[in-house]
Structure formats: structure tokens, C-alpha cells
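One-letter residues, chain by chain:
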Amino acid sequence: MMTSCRSRCEDLSIKAWKSLTRTKTLEADIMKTPLKRCLSAVHLAFFGVGQMAGAGVYVLTGTVAKNRAGPATFLSYFIAGLIAFLSALCYAEFGARVPKAGSSYTYAYVTVGEFLAFVIGWNILLEHCIGAASTARAWGGSIDAISNGAVKNFTLTYIGGMNMTGLAEYQDFLALAIIIVLAIFVALGAKVSMNFNSFIAVLNMAITVLIVGVGFYNADLKNWTNKDHGGFLPFGFGGVISGAAMCFYGYVGFDGIAIAGEEAENPAKAIPIANGLAMSIVMIMYVLMSSALTLMVPYYDIDPAAAFSVAFRDLGFGWAEIVVTVGALVAITGTTLGNLYAVPRSAWAMASDGLLFDFLSYIHPTRKTPMVAILVFSILAGILAVILDLATLAEFVSLGTLMAVTVVSACVIVLRYQGIEDCQFKIKDPDADSNTFNKDAESYKDKLIELERGEDFGRLKQQFKDVPILRTFAPGKAVTLAVAIMAVLMFAIAILIIAGLQDLKNSSWWLILILIGLCFILVLTFGSILMHVQNDSFLTFQMPLVPFLPALSMFANIMLLANLSTMAWIRFGVWMAVGFVIYFGYGVHHSKENVEVAAETTAISYNSEDGVSGIAASKEEKPSYDTFGETKQD
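These numbers were taken from a predicted model, which means no experiment stands behind them. (Residues numbered from 1 in each chain as written. Predicted model: local features only at pLDDT ≥ 70, side-chain atom pairs only at ≥ 80, totals over all residues. Heavy atoms only, no water.)

J.: Teacher, can you tell me more about the overall build of the protein chain here?
T.: Scanning the protein chain from terminus to terminus reveals 24 helices and two strands. Here the protein chain holds 634 residues, and the buried ones make up 55% of them. The long-range share in the protein chain, meaning contacts at least 24 apart out of those at least 6 apart in sequence, stands at 83%. For the protein chain, the computed accessible surface area is about 26900 Å², with 65% contributed by carbon and sulfur atoms. (Helix = DSSP H or I, 4+ residues; strand = E, 2+ residues; numbered from the N terminus. Buried < 20%, exposed > 50% of the residue type's maximum accessible area, 1.4 Å probe, protein only. Contact = heavy atoms within 4.5 Å. Areas by Shrake-Rupley, 256 points an atom, 1.4 Å probe, with all protein chains shown as cover.)

Right under this line is the structure:
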């Protein structure tokens, strides 16, 4: 009886583990979509600029400068930009191969499994929903600044304020209004949204040139060297890193580019090009504009709600104040539009896989947009914009974003060391009618030669084939485990460095010893990855220096995560608790992968009734591969 009970428990545990780690099966035609493919690389690049520039410059700069980094705010933007660029390369590699609206959710689903994919997808919804709310809130704040506080005073007088930690001082109904208007715009279709966004991006860059020019014309180096207020680093270098954690939110447009990839005409080329262009342009804009602001105005006098507008007004540049305020409104409109564009498509991707409620997967037959998802998440973003303050929103969304990009960086390593039987990404015939994978015949032939040794992918290299423990793993599995261990070790190191910074300065031997031990294990774990054969037989864009750059991206993102406040983690925990209820109560049972498994089981059962053994019917000969994921036809 006890043996039977134990056996049943083991079977249930195995079944549960398989459910949580099952991967998404890609369609044979990766370009197939119910959405309309109508976007070029230029559309995507401007979409990235439009989504990033408004949020970072006009929303975050004032808050980071006054409360986190002071005059060194441009360093926070630079550090965050370098980290984001590494993450953007990871997204570019996946986006070129999986041009789907799910972005990092889909990338995790096809490599590491369903549960982690849901966690990332749920974070994407958080990222873009709160991103829309925060920029809409900044839009309302800019209008209030133009009117010298008339909107705020009217609301406080006739409606009343909100005296609770984390909530805004007053309800911002202008933020709700702009979300409603832009949601209608998004519902009209991808091409309409992108053309409008491109106009906004160009206008925003022109205004940036004006702001930087006037700002440096009025620069005063004393604002960077005033020792009475802490000098150049009033909050220390820790403040710069803390500021970078918040500034990272200003670079989340590369995620939006990946989400828009399902509507790109040629995603394999367009996504890498758009990521590189957008990231370069926006980083330059951030560094120059944050430098100009902190040189014009002492950091402690900056108004976080409308930093540039108030700065020009105080300097007596009335005309510049008007231009900057209009520019801020235009840029913030673009960012809000980008977030409202991205969040329903992410929800649609998850609902299409069965992990969210089915009604969210509805596509309008004429507009080819996820209409129900647009409605639901626009309402949610509007409610958040009305009641939450800007700092709370910015820190909250940074956490979700950093979690997502950390997993994508890890997935790049996992993908490159997958065994050929696990890898679903294909090399297509160069003569096929596809712009995405079309290459010259010689290049194609070279890749096929590499595929002849494809059974080595993910296995130990010849000189390490007898390494204990590692030799017992199936191809790619040891690397997957090593990446998971690396993530845990990196987080532990980051927590020790941040929490024990003072002890490190005092040369506490016990803390130094622990850090050395953790770093030694981390190096050994990373070394175990290098012992395996890497798969570089892809014709689409590949991130350079794998696994070094993705591992660096993981550690940098984890360091920023560890710098976020305890309250941000508590709020994140509440959000994830809601997500787990949805996943375990609905998603795990309605997953399309689960339905397909059930259908296969039924087919095997039917074969058994026809006199064919169920076990025999479930067994297949090991396929021989001529392309990734495709078997040779006899």
C-alpha cells in the first residue's frame, strides 16, 4: 500500500515537473501570423526611439537627479545603456529567429519551459502596463506645470487628495484621458500607430538638439562641483548604480521592438538593425540631456515632475519652456503609445498559447489588432495612472523589466548549447521564397557541413569527454543546469556586495572569504559551460562572444535588481501571487501544449485498440536531420 502510494506520488511529481518545463512547439512556418506584416526596419527603429526617449528623458531624469545620482545622472544613464545594449543583442538574436509578439515570453517558452515563460510574460504585462501608466502620469504632470498647478489645485479642492504611501498626492484624470485617446489610436492598426510614432520620434530628436544647445549655453560647472551639497557624487557611487537601476526603465524600447517583430515584413534583418539604431540614438540623447539639465540647475532644485520645463522657466527662457513642454508632451505621448501597443500583443500571445484567458486572444477581422486585450489593459493602465505616483511606477516597472531581460540573456546561452534534437530553429533552403532566411548557396552549403556534426552540439568537447558528473548529462542539459546555478550565485554575490558594502570597505575578512568562495564556484560553473560544443550553425543574427556577453548581461541586470528597494520587491511579490493564481488555476490546464499532449495520448490509445501496442506506438525511430527541426523524408 505504502509502495503504491509512494509510486503514485512520484508519478504525480514527474507529471507536474513535465507540465512546468514543457516547451512551446514552433510552427513549421515561423512567419505565419493572424496579424498583418507591414513594418520595416525604419518603423521598428523609430518605434524603439519613440518608446524609450520620452520615458527616460522627461519622466526619469528629474527623479534620478534629485533623489539618486545628482550631477552624475548621465553616468547612471550611460551604465544602464551599456547593460541594456547587451540585453538588446540577446533580444535581437531571438527576435530574428522567433518573430513573435510574445518577445521574451516566447523566447523562454521555446528554450526553458512553460512555467518560467509565464513568469516572464506576466512581468512583460507589468512592464508595459505600468510603463503606459507612468508616462501618462508624466503627461498630466506636464500639463499641470504649464498651468502653474491649476490642475492639481482644482483636483485637491473639489475632489480631494490621497494621503497614503505609494499613492499620488492627487488623482490625475488627464492621464486617464490620454490613455483612452491613444488606446483608440492603437486599435486602428499597426501601420497607423507606427506612422504616427515615427513622426513623434523625429520631432523628439529635433527638440533634443534644442534642449542640449540651450542647456550647455547656460551651463555652470559649479553645479557639478558644489562641495556644500556633496559635489559631483552627493549620493556616492552607490547612488549612481541605484540610479542606473531606475534608468534602465528608459531603455525598455528594445523589448517593444521584439514584440512588434510579428508585424515586421523581414524580422530577421529588421529587428537587429532596429535595435542597434534605436539603442545608439537614445543613449546619446540621454547622456547629453541629463548632463545639460544638471549643469543648468543644481540637482537639489530640480522639479522631478517637469524637470526641463521648470528649469528653463527659472532661467528666464519663456520661449524655450513652451517648446520643451510641447516636446515633452509629444515624446511622452509616443512612449505611452508604444506601451499601449506592446501590452495587448503580449497578452494576446499568452492567451493564444492558452496561458491567459481565451477572450484576450480575439483579433479584430478588419483591423488585425487584439481588440479585447487593448480594451482590458488600457483600462488597467488608466486606473494605475490615476492613483499611483511617478516614483512608485518607475521602480515597479524596472523590476519587471530586469527580470525579463535577465532570463532572455540566460536563454541565449541555453539555446547555443542545446542538442540538435531539442533545437527547433531551422535553416531554410536558400532557393525558398523567403526573405527572412535567404542566403547564397555557398553559405548554405557550409552550414549543412556543420550540421553533419550536429549530434555534437551540447555535448562535452573531445578533451573534456571524461569529466566526472558532466559526462552523464544529455546534450545541453548540463549547460541549462549551470546557467540556473550561475543565476543563483550571481544574485547571492550581488546581495552580499550591496548589503555588506560598508563591511567590505572595512575589510571584513569573513565577508571577503564568502565572496571569494562564491566567485570561485561561479567561475567553475561558467567553465563547465565552456567545456561543451556550442551551436553556431544559424543563418540569422547571432550575438557575439557567447557565453561571455550574455553572462555579463545576466550579472549586470542582477546587480541592478538587487539595488531596487524592498517595497518594490513586496509589490512585485503581490503581482506574482496574482499571476500564480491565474497560471495554476487556469493556464496550466488550458495550455495549448497540454492539449496537444492529450491529443497524442488519445491517438496512442486508439492505436492500442486496433491491436497495436500503446508503448510501441509511442516509440519512434530517432530522426535524421537535414535542417533544425526538420526530418529527412524517405
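Resuming the write-up.
J.: I'm lost on the nonpolar core in this one. Help?
T.: Nonpolar side chains tend to gather and get buried jointly when the protein is soluble and globular. Ranked by internal contacts, the top residues of the largest apolar core, which has 149 residues, are Leu44, Tyr58, Leu125, Tyr251 and Leu356. Take this core: its biggest share by element is 16 residues, from helix α14 (residues 318–352). Among residues more than four places away in sequence, those in contact with Leu125 are Val343, Ser346, Ala347, Met350, Leu356, Phe377 and Trp575. Core analysis: the next-biggest nonpolar cluster, separate from the first, contains 23 residues, Ile413, Tyr417, Phe526 and Ile558 among them. (Core = buried A, V, L, I, M, F, W, Y, C linked by side-chain atoms within 4.5 Å.)

J.: I tried to follow the packing of helix α5 (residues 114–146) against helix α7 (residues 173–187) on my own but got confused; where do I start?
T.: Contact geometry of α5 with α7 gives a least axis separation of 8 Å together with a crossing angle of 120 degrees. Taken together, the axis directions place α5 and α7 in an arrangement best described as oblique. Note that α5 runs across α7; the crossing there is right-handed. Of the residues in α7, those touching α5 at Ala132, Ala133, Ala136, Arg137, Trp139, Gly140 and Ile143 are Leu174, Ala175, Ile178 and Ile179. Along the lines of polarity and charge, the residues of the contact of α5 with α7 split into nine nonpolar, one polar and one charged. (Axes fitted to C-alpha atoms, helices over the stretch in contact; angles between N-to-C directions. Parallel < 35°, antiparallel > 145°, perpendicular 65-115°, else oblique. Left-handed = near helix turned anticlockwise from the far one by under 90°. Nonpolar A, V, L, I, M, F, W, Y, C, P; charged D, E, K, R; others polar.)

J.: What am I meant to see in a nonpolar patch on the surface here?
T.: Together, Phe154, Tyr158, Ile159 and Phe173 make up a nonpolar patch on the protein surface, roughly 470 Å² of accessible area in all. Locating Tyr158 in the fold gives a position in helix α6 (residues 150–158). (Patch = residues over 30% accessible without salt bridge, like charges linked within 9 Å, V, L, I, M, F, W, Y side chains within 5 Å. Salt bridge = Lys/Arg side-chain N within 4 Å of Asp/Glu carboxyl O.)

J.: Any chance you could explain the packing of aromatic side chains here in plain terms?
T.: Two numbers describe a pair of aromatic rings. These are the distance of the centres and the angle of the planes. Within this structure, the stated rule accounts for 25 aromatic pairs. Summarising the aromatic geometry, the rings of Phe357 and Phe359 are spaced 6.1 Å apart at their centres and angled 0 degrees between planes, so their arrangement reads as stacked. When the ring of Phe580 is compared with that of Phe584, the centres are 6.4 Å apart and the planes differ by 55 degrees; the resulting orientation is tilted. Pair noted here: Phe580 and Phe584 are both in helix α22 (residues 566–590), with a separation of four residues, about one helical turn. Taking relative accessible area as the criterion, Phe580 reaches 29% and is therefore assigned partly exposed. Note on Phe584: relative accessible area 41%, which makes it partly exposed. Three or more aromatic residues joined by ring pairs make a cluster, and in this case those are Phe115, Phe118, Trp122, Trp575, Phe580, Tyr583 and Phe584. (Phe/Tyr/Trp six-rings, centres within 6.5 Å; stacked < 30°, edge-to-face > 60°.)

J.: I keep staring at the side chain of Asn197 and nothing clicks. Help me out?
T.: Considering the arrangement of structural elements, one finds Asn197 in helix α8 (residues 190–217). There is a polar contact of 3.0 Å between the side chain of Asn197 and the backbone oxygen of Phe46. Sequence-distant contacts of Asn197, defined by excluding residues within four places in its chain, comprise Phe46, Phe47, Gly50, Gly334 and Leu337. (Polar contact = N/O pair within 3.5 Å; in protein donor to acceptor, adjacent residues only side chain to side chain.)

J.: Is there a simple way to explain the packing of helix α18 (residues 477–499) against helix α21 (residues 548–563) in this structure?
T.: Relative placement of two packed helices is described by the angle separating their axes and the distance separating the axes. Where α18 meets α21, the closest approach of the two axes is 9 Å, and the angle between their N-to-C directions is 40 degrees. When the axis of α18 is compared with that of α21, the two are oblique. In this structure, the crossing between α18 and α21 has a hand that is right-handed. Across the interface between the two elements, Val483, Met486, Ala487, Met490, Phe491, Ile493, Ala494, Ile495, Ile497 and Ile498 from α18 touch Ala551, Met554, Phe555, Ile558, Met559, Ala562 and Asn563 from α21. Counted by class, the contact of α18 with α21 contains 16 nonpolar, one polar and no charged residues.

J.: Help me understand α22, please; the structure alone is not making it clear to me.
T.: For α22, built from 25 residues, the straight-helix expectation of 36 Å at 1.5 Å per residue is met to within 8% by its first-to-last C-alpha distance of 34 Å. Where α22 bends most, the angle comes to about 45 degrees, and this point is Tyr583. Residues Ala568, Phe572, Trp575, Met576, Gly579, Ile582, Tyr583, Tyr586, Gly587 and Val588 constitute the buried set of α22. (Expected span 1.5 Å × (residues − 1). Bend = angle between axes of the 7 residues up to and from the residue.)

J.: Explain the confidence of the model for the protein chain to me, please; I cannot follow it from the model alone.
T.: The predicted coordinates of low-pLDDT regions are not to be read in fine detail. Summarising the model, the protein chain shows a mean pLDDT of 80, and 83% of its residues fall at 70 or more. Of all the helices and strands in the protein chain, strand β1 (residues 625–627) carries the lowest mean pLDDT, 34, while helix α20 (residues 509–530) carries the highest, 93. In this model, residues 427–441 is a region of pLDDT below 50 whose contacts with residues beyond four sequence positions or in other chains number 29 contacts. (pLDDT = per-residue confidence, 0-100.)

J.: Looking at this structure, I do not really get unusual backbone geometry. What am I missing?
T.: Glycine aside, negative phi is the norm for most residues, and most peptide bonds take the trans geometry. Looking along the chain, the bond that leaves Val546 and enters Pro547 is cis, with omega of 10 degrees. Its location among the elements puts Pro547 in the loop between α20 and α21. For Lys368, which is not glycine, the phi dihedral falls at a positive 60 degrees. Note on placement: Lys368 falls in the loop between α14 and α15 (371–387).

J.: Just checking my understanding: could you explain the pattern of salt bridges for this structure?
T.: When the charged atoms of two side chains lie near each other, side chains of opposite charge can form a pair. On inspection of all chains with the given rule, the structure shows six salt bridges. Arg345 is the partner of Glu263 in a salt bridge, and the nearest nitrogen-oxygen pair spans 2.9 Å. One end of the pair, Glu263, is in the loop between α11 (253–259) and α12 (267–296); the other, Arg345, is in helix α14, with 82 residues separating them in the sequence. As far as burial versus exposure is concerned, Glu263 and Arg345 are alike and both buried. Note that Asp314 and Arg313 form a salt bridge whose closest N and O atoms lie 4.0 Å from each other. On the basis of relative accessible area, Asp314 is assigned to the exposed category, the value being 57%. Given the relative accessible area of 34%, Arg313 is considered partly exposed.

J.: Whenever I open this one, the side chain of Ser198 confuses me. Can you help?
T.: Within the fold, Ser198 resides in helix α8. For Ser198, a relative accessible area of 13% puts it in the buried group. If we skip the residues at most four places from it in the chain, Ser198 touches His43 and Phe46.

J.: When you look at the environment of Pro99 in this model, what are you seeing that I'm missing?
T.: Positionally, Pro99 belongs in the loop between α3 (73–97) and α4 (104–111). Take Pro99: its relative accessible area is 1%, and that puts it in the buried class. Sequence separation of Pro99 and Gly261 is 162 residues, and the distance between their C-alpha atoms is 5.0 Å. When neighbours within four sequence positions are excluded, Pro99 is seen to be in contact with Ile30, Met31, Arg37, Gly261, Glu262 and Pro267.

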